[in-house]
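Each chain, letter by letter, is given below.
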Amino acid sequence: YKMRKTSLILIFIYLTLLNISKEDSSSLSIGRSRAHEDKSGPYTPLVVTLSTEDTSEKKKPVYLICIVDVSGSMSGNSINLVKKSLEYLVNKGNETDYFAMVTFSSSATVVNDFTRLTEENKPKLLESISNLRAGGSTNIYSGLEKALQLLKDDYKSGERIASMILLSDGADNYYGHRLVNMFKQLMIDKNKEDYVFTLHSFGYGSSYDAELLNKIALIKDGAYFHIYIMKDVAEAYLKIYGSLSTVMDVNIQLIVQTKYNIMKVYGIEDMYEAN
């Protein structure tokens, strides 16, 4: 929470924890984030963390599929920013999570099937990202189709948490906006329309098709993000990963009462390392 600086900061917090069994334990920590302090302004950032522990609940691993546009329109700055984006996603992943990458231009290829994000596996994934090159025409549908093939029966039952991220400028040379309905029909034909996964899109370049990328994201409850700089990737990652990694079936309500104005509620890139 960002609050106004004063010589003395008094915070009054009242917590109401609902529907948590006696077997659960909870802890609250409040810390000042020196790493994110704006020394020139009248505000100070505070990190408020409420954690619960229930031995009966275990975090499900996240299975992330990146669908990468490597067509000619992505050459130059766009493909370089895409590479940095992918490197960020790999480096930020937890060891319990998995990463897969599909590339497409006129057709699609599975570059990496699901690979666990251990420190031993990350260098191989980063090498695959470094080797990406742009060229050819743009067939977004082929990339979505290939990614859909990676989803197994586990994703229908909800035993795994899956998400796809399309990284593209949206300049499709084959089907245009028709590909949205085509992909919806493909999910029906493959009996995967009720699979539990989300589909997000990252837009790159100066002549991107935001409308198409947004329509694609809405197919499976996702969001569209335009990526200008790496900070945009960090913010998008927090929103996507935070929603995927949340432990289900724990109902917590946090009520904050303070005499100071709360300017913004937000997540920060390295919140787990903040003091």
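Analysis parameters
- Going along each chain's sequence as written, the residues are numbered from 1 onward.
- Reporting of local features is limited, given that this is a predicted model, to residues whose pLDDT is at least 70; pairs of side-chain atoms are given and counted only at 80 or more, and all residues count toward the totals for whole chains, interfaces and linings.
- Side-chain numbers here rest on the full set of heavy atoms in the structure, without hydrogens or water.
- Per-residue confidence from the prediction method is given by pLDDT, with values spanning 0 to 100.
- Throughout, a contact is declared for two residues whenever any of their heavy atoms are within 4.5 Å.
- Cavities and pockets are found on a 1 Å grid laid over the protein atoms alone: a cavity is a set of points where a 1.4 Å probe fits but cannot escape, a pocket is an open set with protein on both sides within 12 Å along at least five of seven lines, and a lining residue has an atom within 4 Å of such a point.
- Grid points are joined across faces, edges and corners, and a volume is the space filled by probe spheres set on the points.
- A run of H or I in DSSP becomes a helix once it reaches four residues, and a run of E becomes a strand once it reaches two; helices and strands are each numbered from the N terminus.
- Amino acids are sorted into nonpolar (Ala, Val, Leu, Ile, Met, Phe, Trp, Tyr, Cys and Pro), charged (Asp, Glu, Lys and Arg) and polar (every other residue, Gly among them).
- In this analysis, rings of Phe, Tyr and Trp, with Trp reduced to its six-membered ring, are considered paired at centre separations within 6.5 Å, and the interplanar angle assigns stacked below 30 degrees, edge-to-face beyond 60, and tilted for intermediate values.
- The cut-offs for exposure are 20% and 50% of the maximum accessible area for each residue type, with area from a 1.4 Å probe on protein chains only; residues under the lower value are buried, those over the upper are exposed, and the others partly exposed.
- Distance and angle both matter: a charge sits over a ring if NZ of Lys or CZ of Arg is within 6 Å of the ring centre and within 35 degrees of the ring normal.

### As for the confidence of the model for the protein
(1) Moving on: With 66% of its residues at a pLDDT of 70 or more, the protein has an overall mean of 78.
(2) Moving on: Here residues 246-250 is modelled with pLDDT under 50, and outside its nearest four sequence neighbours on either side it reaches five contacts, counting other chains as well.
(3) Moving on: Every residue in residues 267-275 is under pLDDT 50, and counting partners more than four places away or in other chains gives 18 contacts.

### Description of empty space enclosed by the protein
(1) Moving on: According to the stated counting rule, one finds two cavities of 30 Å³ or more in the structure shown.
(2) Moving on: There is about 130 Å³ of room inside the largest cavity.
(3) Moving on: Together, 13 residues line the largest cavity, and V62, L64, L89, Y237 and Y241 are the ones closest to its centre.
(4) Moving on: Only β4 (62-69), β5 (98-104) and α7 (230-245) provide two or more residues apiece to the lining of the largest cavity.
(5) Moving on: Among the elements that make up the lining of the largest cavity, the one with the highest residue count is α7 (four residues).
(6) Moving on: Residue classes in the lining of the largest cavity are distributed as eleven nonpolar, one polar and one charged.

### Some words on the packing of aromatic side chains
(1) Moving on: Here the structure, examined in full by the defined rule, presents eight aromatic pairs.
(2) Moving on: For the ring pair Y88 and Y237, a centre distance of 5.6 Å and an interplane angle of 90° mean the geometry is edge-to-face. Placement of the pair is Y88 in helix α1 (residues 77-92) and Y237 in helix α7, with a sequence separation of 149 residues. In terms of burial, Y88 and Y237 fall into one category: buried.
(3) Moving on: Clustering of aromatic rings is evident, with ring pairs tying together Y63, Y98, F114 and Y155.
(4) Moving on: Sitting above the plane of the F197 ring, K220 keeps its charged end 4.8 Å from the centroid.

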